[in-house]
Amino acid sequence: MPAQFGSYQSEIYLQGMSGVVPAFTNDPTALESSARELMEPGPYWYVAGGAGSGATVRANREAFDRRRIVPRMLTDATERDVSTTVLGTELAAPVLLAPIGVQSIVHPDGELATARAAAELGIPMILSTASSHTIEEVAEASGDGERWYQLYWPNSDDVTVSVLERAERAGYTALVVTLDTWTLAWRPHDLDQSYLPFIRGIGTAIPFSDPAFRASLERTPEEDRNSAVLRWVQMFTGVDKSWERLAFLREHWSGPIAVKGVLHPDDARRAVDAGMDGIVVSNHGGRQVDGSVAALDALPGIAEAVGDRVDVLFDSGVRTGADVIKAIALGAKAVLLGRPWVYGLAHGGQEGVRHVLRGLLADLDLTLGLTGNRSLADLGRHTLMENS
Ligand SMILES: Cc1cc2nc3c(=O)[nH]c(=O)nc-3n(C[C@H](O)[C@H](O)[C@H](O)COP(=O)(O)O)c2cc1C
Ligand SMILES: CCCCC(=O)C(=O)O
């Protein structure tokens, strides 16, 4: 049975007829504005901010706005199917939750709330290595939901193996290895806060939970929390790796592996040569290289370079159903959604995340139909027109 996400709109009509309006706005821009009012400035700017002048955050949106969809008429798109398969996982819609760290600074339930909302809707959550709840706690919260794990590749083989084994034992199937944050970028908002929000969020779980990591410390996190957090940052960022070293991860992870943060077609080819199963075209939501190419502008060249040898995923700037359609038309199999559901989390924990995801899925389904398409396979470069 194809999922009929568009029926969400009918639910809203019915609510309206009984005089009830939704608890949260359906407008992503308004949701971000009210999150800004709700959240403390430190956590808000940690989420919303970008590297340097913010040029890449803006470029990501500009690249979407520059491309327009050309709708087709009388194609009988009354029934749609937005399902797809990515890295061996069957998805009801081409959407996953991007890995987002330290979610407890946004809402006390953090990753647990997000995992529950994602599982309710059948959307895989990619759990960040920088999670403020442990791998095992989040796995339990996700029930029978699909689980993917994101790796910040530690500068210690023992810790790497320990973290990967824990994730596999907890039922995580696919691995996403983030390449673009081997050190944190120049982020003025966070520097102005001395990274306090991040330190607060990371201190709640990670330094305390991994046995191999604990063994690497001179004093336990309970004795010296600040040193443990500092050690975490040094160990989980701090060192660039090589393409050849990806073989080590392959040895220690039995499921599919994707690399995240690829923006150049030659790097995409290297990922294929290194035996990766997927690539996430991403500039980390504009948080790493100020002035970087917009991720959407990098997507077509990469999709062309790798063909169907690996699954191409995309993130950075997706806000609406139309954005998902544009990314798929340019060669992505699915997209990762970042900040919008974090603002949902700020508004109402699990309920807020669910609200954002349901809205996006309904918008995608309706917009696909209204553009005259019945499935994702109908989309391609012909779907879009580029404005200069
Ligand atoms: C607050 C925040 C924390 C993030 N933490 C991680 C992380 O722990 N690991 C990771 O690979 N990417 C992380 N990212 C990047 C996202 O996975 C994703 O690439 C980005 O948010 C996509 O851009 P968008 O927010 O514009 O949709 C983070 C992004 C934000 C906004
Ligand atoms: C070590 C970095 C963790 C979070 C992250 O990826 C981000 O803030 O963008």
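Residues numbered from 1 in each chain as written. Chains lettered and ligands numbered in written order. Predicted model: local features only at pLDDT ≥ 70, side-chain atom pairs only at ≥ 80, totals over all residues. Heavy atoms only, no water.

Quick notes on the confidence of the model for the protein chain
Spelled out, the test is: Every residue carries a pLDDT, the predictor's confidence in it, which falls somewhere between 0 and 100. Runs of H or I in DSSP of at least four residues are treated as helices and runs of E of at least two as strands, each being numbered from the N terminus.
Counting all residues, the mean pLDDT for the protein chain is 95, and 98% of those residues have values of 70 or more. Across the protein chain, strand β10 (residues 311-314) holds the top mean pLDDT of 99, while helix α10 (residues 206-209) sits lowest at 79. Quick note on the complex model: pTM equals 0.97, ipTM equals 0.99.

Considering the pairing of strand β11 (residues 334-337)
Heads up, the rule is: Remark: exposure states derive from per-residue accessible area (1.4 Å probe, protein chains only) relative to the maximum for the residue type, with buried under 20%, exposed over 50%, and partly exposed in between. What makes two strands pair is DSSP finding at least two bridges between them. By the criterion used throughout, a crossover qualifies as right-handed when its path from the first strand across the helix to the second strand runs clockwise, the strands pointing away from the viewer.
Across the two faces of β11 the burial is the same, with A334 and L336 and V335 and L337 all buried. Taken together, the two bridges between β10 and β11 define a ladder with parallel strand orientation. What sits directly across from L313, in β11, is A334. Handedness of the crossover joining β10 and β11 through helix α16 (residues 321-329) is recorded here as right-handed.

Quick look at the nonpolar core
Cut-off, in case you're wondering: Within this scheme, the nonpolar core is defined by two criteria: the residues are buried Ala, Val, Leu, Ile, Met, Phe, Trp, Tyr or Cys, and they are joined through side-chain atoms within 4.5 Å.
The biggest cluster of nonpolar side chains holds 106 residues, and the ones touching the most others in it are Y149, Y172, L249, I279, L299 and F314. Within the second largest apolar cluster, 14 residues are counted, among which are V86, L96, W148 and A174.

Quick notes on the pattern of salt bridges
Selection criterion: Here, a salt bridge means any Lys or Arg side-chain nitrogen found within 4 Å of an Asp or Glu carboxyl oxygen.
Inspection of every chain in the model, using the stated rule, returns 22 salt bridges. Linking R381 and E304 is a salt bridge whose minimum nitrogen-to-oxygen distance equals 3.0 Å. Note that R381 is positioned in the loop between α17 (339-370) and β12 (384-386) and E304 in helix α15 (residues 295-306), a separation of 77 residues in sequence. The partly exposed category is assigned to R381, whose relative accessible area is 48%.

Considerations on the site of ligand 1
Basically, it comes down to this: Proximity criterion: a residue is near a molecule or strand once any of its heavy atoms comes within 4 Å of it. N or O atoms closer than or at 3.5 Å make up a polar contact, with two conditions inside protein: a donor-capable atom paired with an acceptor-capable one, and, for residues adjacent in sequence, both atoms drawn from side chains. To measure how exposed things are, a 1.4 Å probe is used in the Shrake-Rupley method; for residues, cover is taken only from the protein chains shown. Any residue outside Ala, Val, Leu, Ile, Met, Phe, Trp, Tyr, Cys, Pro, Asp, Glu, Lys and Arg is labelled polar, Gly included; the first ten of those are nonpolar and the last four are charged.
Not every one of the 21 residues close to ligand 1 is listed here, only the nearest: P99, S128, T178, D315 and R319. Taking Y152, its side chain carries an N or O atom lying 3.2 Å from a nitrogen atom of ligand 1. Between ligand 1 and H284, the relevant distance is 3.4 Å, taken from a nitrogen atom to a side-chain nitrogen or oxygen of the residue. Burial of ligand 1 by the surrounding chains reaches 98%, relative to a free accessible area of 600 Å². A per-class count over the shell around ligand 1 returns six nonpolar, 10 polar and five charged.

Quick word on the site of ligand 2
Neighbouring ligand 2 are the residues Y46, Y152, L184, R187, F198, T237, H284 and R287. Between ligand 2 and Y152 there is a distance of 2.5 Å, counted from an oxygen atom to a side-chain nitrogen or oxygen. Side-chain polar atom of R187 to an oxygen atom of ligand 2: 2.8 Å apart, as the coordinates give it. The fraction of the free accessible surface of ligand 2 (290 Å²) that becomes covered by protein chains is 94%. Its residues assigned to classes, the shell around ligand 2 comprises four nonpolar, two polar and two charged.

Observations regarding the packing of aromatic side chains
For clarity, the threshold we go by: Stacked, edge-to-face and tilted labels apply to pairs of Phe, Tyr and Trp rings (six-membered ring for Trp) whose centres lie within 6.5 Å, assigned for plane angles under 30 degrees, over 60, and everything in between, in that order. In this scheme, the term charge over a ring applies when either NZ of a lysine or CZ of an arginine sits within 6 Å of the ring centre and within 35 degrees of the ring normal.
The tally for this structure, following the rule as stated, stands at eight aromatic pairs. Aromatic pair Y46 and F198: ring centres 6.0 Å apart, planes at 50 degrees, arrangement tilted. Here Y46, found in helix α3 (residues 41-48), pairs with F198, found in helix α9 (residues 196-202); they are 152 residues apart in sequence, far enough to count as distant. We classify F198 as buried; its relative accessible area is 8%. Within the aromatic cluster, the residues linked to one another by ring pairs are Y46, F198, F213, W232 and F236. Positioned above the aromatic ring of F248, the side-chain terminus of R245 is 4.6 Å from the ring centre. Residue placement shows R287 over the ring face of Y46; its charged tip is 4.9 Å from the ring centre.

Topic: the side chain of S131
Mapped onto the elements of the fold, S131 is located in the loop between β5 (125-127) and α6 (135-141). A polar side-chain atom of S131 sits 2.5 Å from the main-chain carbonyl oxygen of H133.

Some points on the packing of helix α1 (residues 7-17) against α17
Using the following cut-off: Whenever a helix is involved, its axis is fitted only over the stretch in contact; in every case the axis is a line through C-alpha atoms, and angles between N-to-C directions fall within 0 to 180 degrees. Whether two residues touch is decided by their heavy atoms; if any such pair falls within 4.5 Å, the residues are in contact.
Direction vectors running N to C along α1 and α17 enclose 115 degrees, while the axes themselves pass 8 Å from each other. Taking contact as the criterion, the partners of Y8, Q9 and E11 in α1 are, on α17, H355, R358, G359, A362 and L366. Its residues assigned to classes, the contact of α1 with α17 comprises three nonpolar, three polar and two charged.

Comments concerning α3
Of all eight residues that make up α3, six are buried, and the element is covered over most of its length. Among the residues of α3, G42, P43, Y44, Y46, V47 and A48 are the ones counted as buried. On the buried face of α3, the contacting elements are α2 (28-38), α8 (188-192), α9 and α17.

Thoughts on the packing of helix α14 (residues 265-273) against α15
Operational definition: In a left-handed crossing the near helix is turned counterclockwise from the far helix by less than a right angle, and in a right-handed crossing that turn is clockwise.
As a packed pair, α14 and α15 sit with axes 9 Å apart at the nearest point and diverge in direction by 35 degrees. The crossing of α14 and α15 is right-handed. Together, P265, A268, R269 and V272 of α14 and G301, I302, A305 and V306 of α15 make up the contact between the two elements.

A short note on the pairing of β10
Residues D311 and L313 of β10 are buried on one face, and the alternating residues V312 and F314, pointing to the opposite face, are buried as well. As paired strands, strand β9 (residues 278-281) and β10 are joined by four bridges and run parallel to one another. Along β10, the bridge assignment pairs G278 with D311. Considered for its hand, the β-α-β crossover made up of β9, α15 and β10 is right-handed.

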